[in-house]
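# Observations on the three-dimensional arrangement
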Amino acid sequence: MAFVITSPCIGEKAADCVEVCPVDCIVEGEDQYFIDPDVCISCGACELACPVSAIYEEDDVPEEERHFIDKAIEFFKNR
Ligand code: SF4
Ligand code: SF4
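Residues numbered from 1 in each chain as written. Chains lettered and ligands numbered in written order. Predicted model: local features only at pLDDT ≥ 70, side-chain atom pairs only at ≥ 80, totals over all residues. Heavy atoms only, no water.

In the vicinity of ligand 2, 13 residues are found, and the nearest of them are Cys-21, Cys-40, Cys-43, Gly-44 and Cys-46. The cavity that encloses ligand 2 is the second largest cavity. Taken together, the residues of the shell around ligand 2 sort by class into 11 nonpolar, 2 polar and no charged. (Near = heavy atom within 4 Å. 1 Å grid on protein atoms, 1.4 Å probe; cavity = no way out; pocket = protein on both sides within 12 Å on 5 of 7 lines; lining within 4 Å. Sits in = over half its atoms within 2 Å of the grid points. Nonpolar A, V, L, I, M, F, W, Y, C, P; charged D, E, K, R; others polar.)

What follows is the structure, encoded as structure tokens:
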């Protein structure tokens, strides 16, 4: 189980989440930041730090945002 970054992050470049992640698994992509699901330890620190509430635990990602789960997996597969 990992945390996932969703649509409110797009175009947002403040990256408060990156600063607080203890395992450094949040990476900048072309249009948004991504959490590496294989490295995330689900501590929740990033969720609290995000000013636009873009971060959810995977199970709690809203229905219309669920494609962001696959988008993150694809992002790290192609790195
Ligand atoms: S803090 Fe939120 S909006 Fe900012 S980069 Fe992280 S996920 Fe995106
Ligand atoms: S839940 Fe914790 S480990 Fe996972 S991305 Fe957020 S800050 Fe990093």
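Moving on from the coordinates now.
So, about the pattern of salt bridges. For the coordinates displayed, the defined rule picks out 2 salt bridges. We note a salt bridge from Asp-31 to Lys-71, for which the minimum N-O separation is 3.0 Å. Of this pair, Asp-31 sits in the loop between strand S2 (26–28) and strand S3 (33–35) while Lys-71 sits in helix H3 (residues 67–77), placing them 40 residues apart in sequence. On the basis of relative accessibility, which here comes to 31%, the residue Asp-31 falls in the partly exposed class. (Salt bridge = Lys/Arg side-chain N within 4 Å of Asp/Glu carboxyl O. Helix = DSSP H or I, 4+ residues; strand = E, 2+ residues; numbered from the N terminus. Buried < 20%, exposed > 50% of the residue type's maximum accessible area, 1.4 Å probe, protein only.)

The next point concerns the packing of aromatic side chains. Centre distance and the angle of the planes are the two values used to describe a pair of aromatic rings. In the structure shown here, the tally under the stated rule is 2 aromatic pairs. Where Phe-34 meets Phe-75, the ring centres are 4.2 Å apart and the plane angle is 20°; that geometry is what we call stacked. In this pair, Phe-34 sits in strand S3 while Phe-75 sits in helix H3, placing the two residues 41 residues apart along the sequence. Residue classification places Phe-34 among the buried positions, given a relative accessible area of 4%. With a centroid separation of 5.0 Å and an interplanar angle of 90°, the aromatic rings of Phe-75 and Phe-76 are classed as edge-to-face. (Phe/Tyr/Trp six-rings, centres within 6.5 Å; stacked < 30°, edge-to-face > 60°.)

Position of Thr-6 relative to the elements: it lies in the loop between strand S1 (3–5) and helix H1 (16–20). Judged by its relative accessible area of 0%, Thr-6 is buried. Leaving out residues up to four positions away in the same chain, Thr-6 has contacts with Ala-54, Tyr-56, Val-61, Glu-65 and Phe-68. (Contact = heavy atoms within 4.5 Å.)

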